Amino acid sequence: MQRTTHRRRLLARPVVVSLAAAVALTATSCAKSEGDTSSDTKSSAAADAAQKVASPAPGGKTCTVDAYGGEKLDLENATVGFSQSEKEANPFRIAETQSIKDEAKKRGVKLLTANAQSQFSKQISDVQDLLAKGADLLVIAPLNSDGWDPVLQAAAAKKVPIVTIDRKINATACKDYVSFIASDFVEQGRRAADRMIEATGGRGEVAILLGSAGNNVTTERTRGFKDRIAEKAPDLKVVFEQTGDFAREKGQQVTEQLIQSKPGIKGIYAENDEMGLGAVAALKGAGKKAGDVEIVTVDGTRNAVQGIVDGWISGVVESNPRFGPLAFQTLDTFTKGESVAQDIVIEDGAYTTDNAKAGIAKAY
C-alpha cells in the first residue's frame, strides 16, 4: 500500500499559543514546566525551557478517535509504550527520554520503555514487544522514516494509537498514526543559514556535516539551509557535504578530512550540536583558533551553548527535546475523544553571542 506524507509549513516567526487555546483549536498544547520548583531561578529556567507550540495554520488537519478507528480510554489507567531510537550518549536523546519518564511519573501513568541502540531492526522488534506486553498507546521516536509497515499493521490490529516525536514516519496521518510532534526542520535550516551568512559576510566556502541518512530531519535541515543560502547569499558556496551521523566522534573525523581537502573553508554547518562539537575538536587539533572557521549548529545542548561563550561556535538553533508534557497531553486529549492536530509544530529559540551566557541555564 502506497503511503503519503503531510507536513504543514510555518512562517518564520510563528505565534505562540497557550495550552488552553491550543487544545480548544486543535488539541495542540504548551508543555508545562518540568523543572525543579525549589527556587524561583530554577522554576523560571524550566518554564523558559518548556516546549511551546507554534500557532496552527488555519484549516490544519486534525484527528479523532472515531476517524482513527480507535477506542476512548482513560489515560491514567492505560499503559504507554515509549520507543527510543538512539543510544543515550547524545544529550538530545537523554533529555528526550527523561522528559517522557518524568511526565509519565507526574501523571501516574504506567510506562514501558525500550531503546533501539541506533539499530532500526531492533526498534521494529522493540515496538512489537511493547505491543505484546500490553501497551495501549505508543510514543515513538523513529530512527528512520521508512520501513514501519510491520509496526503500523500490528498496532492497527490492536487499535493502538501512535504518536511520533522528533522524526516523521512516512505513513498516513490519522490512519497509520495519530500525530507527529516536532520542530520545523526546514525552518531550522533556514535560520542556521541566516546565522552563517551573518557570520561569514555572505562570501566564501562552507561545508555541511549531514545528519544520518534515511530520515526527514537530515533532508529538511539540509534543504532549508541550501535554499536560504541560494536565495540570500549566492557568493557563499557549499563545497563539501558528508554525513557525521549526528555523532561527535564522526563529526570530528569528517572535519579532519575537510580541513585537509578544503583548507580555506570559512564555515561549517553541523546539523546537530554533537557533530559541531566534534568539528570544534578537529579544529583545535589542527591548531586553529576560535573564530578561524565559523560553526553553526542545531540543538541547544549546554556544551554547544558554552561553545558560543568560548568563541568556537557562532550560533545554535534550538531543537527542543522535552516532548513528555506535549506528547502525553496529546494522548490524553485524543483518548478522551477530542480532536488533536495531525502535525504539532514546536517553536524553537536560538542562541547567539548576545544571549548564550544567560541562556545556558535553559540548555540541556
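Given the structure is predicted, the values throughout are model-derived calculations rather than measurements.

Student: Got a minute to help me understand the layout of surface pockets in this structure?
Tutor: Here the second largest pocket defines a volume of roughly 340 Å³. Forming the boundary of the second largest pocket are 15 residues, of which Glu-86, Ser-118, Asp-245, Phe-246 and Ala-247 lie nearest the centre. Of the residues that constitute the lining of the second largest pocket, the class distribution is five nonpolar, four polar and six charged.

Student: Hey, could you run me through the pairing of strand β7 (residues 179-183) in this one?
Tutor: Here β7 lies mainly inside the structure; five of its five residues are buried. Taken together, the four bridges between β7 and strand β14 (residues 343-347) define a ladder with parallel strand orientation. In the sheet register, Ile-181 faces β14, and the bridge partner there is Ile-344.

Student: What exactly am I supposed to notice about the side chain of Gln-123 here?
Tutor: Within the secondary structure layout, Gln-123 lies in helix α5 (residues 120-132). For Gln-123, a relative accessible area of 0% translates into the label buried. Ignoring sequence-local partners within four residues, the contact set of Gln-123 consists of Ser-83, Gln-84, Ser-85, Ala-116, Ile-140, Ala-141, Pro-142, Leu-143 and Trp-148.

Student: I would appreciate a short explanation of the packing of aromatic side chains in the present structure.
Tutor: The geometry of two aromatic rings is summed up by the distance between their centres and the angle between their planes. Within this structure, the stated rule accounts for four aromatic pairs. Taking the centre distance of 6.2 Å and the plane angle of 70 degrees together, the rings of Phe-92 and Tyr-364 count as edge-to-face. Within this pair, whereas Phe-92 is found in helix α4 (residues 91-107), its partner Tyr-364 is found in the segment after α13 (356-359), the two being separated by 272 residues in sequence. Aromatic pair Phe-120 and Trp-148: ring centres 5.4 Å apart, planes at 80 degrees, arrangement edge-to-face.

Student: Please explain the pairing of strand β6 (residues 162-165) as it appears in this structure.
Tutor: Walk down a regular strand and you will see the side chains alternate between the two sheet faces. Of the two faces of β6, the one lined by Ile-162 and Thr-164 and the one lined by Val-163 and Ile-165 are each fully buried. Note that strand β5 (residues 137-140) and β6 share three bridges and pair parallel. Looking at β6, one finds that Ile-140 is bridged to Thr-164. Regarding topology, helix α6 (residues 149-157) serves as the crossover connection from β5 to the parallel β6, and that connection is right-handed. Pairing between β6 and β7: three bridges, direction parallel. Note that in β7 the partner of Thr-164 across the bridge is Phe-180.

Rules and cut-offs
- Residues numbered from 1 in each chain as written.
- Predicted model: local features only at pLDDT ≥ 70, side-chain atom pairs only at ≥ 80, totals over all residues.
- Heavy atoms only, no water.
- 1 Å grid on protein atoms, 1.4 Å probe; cavity = no way out; pocket = protein on both sides within 12 Å on 5 of 7 lines; lining within 4 Å.
- Points joined across faces, edges and corners; volume = space filled by probe spheres on them.
- Nonpolar A, V, L, I, M, F, W, Y, C, P; charged D, E, K, R; others polar.
- Buried < 20%, exposed > 50% of the residue type's maximum accessible area, 1.4 Å probe, protein only.
- Helix = DSSP H or I, 4+ residues; strand = E, 2+ residues; numbered from the N terminus.
- Pairing = 2+ DSSP bridges.
- Contact = heavy atoms within 4.5 Å.
- Phe/Tyr/Trp six-rings, centres within 6.5 Å; stacked < 30°, edge-to-face > 60°.
- Right-handed = clockwise from strand over helix to strand, strands pointing away.

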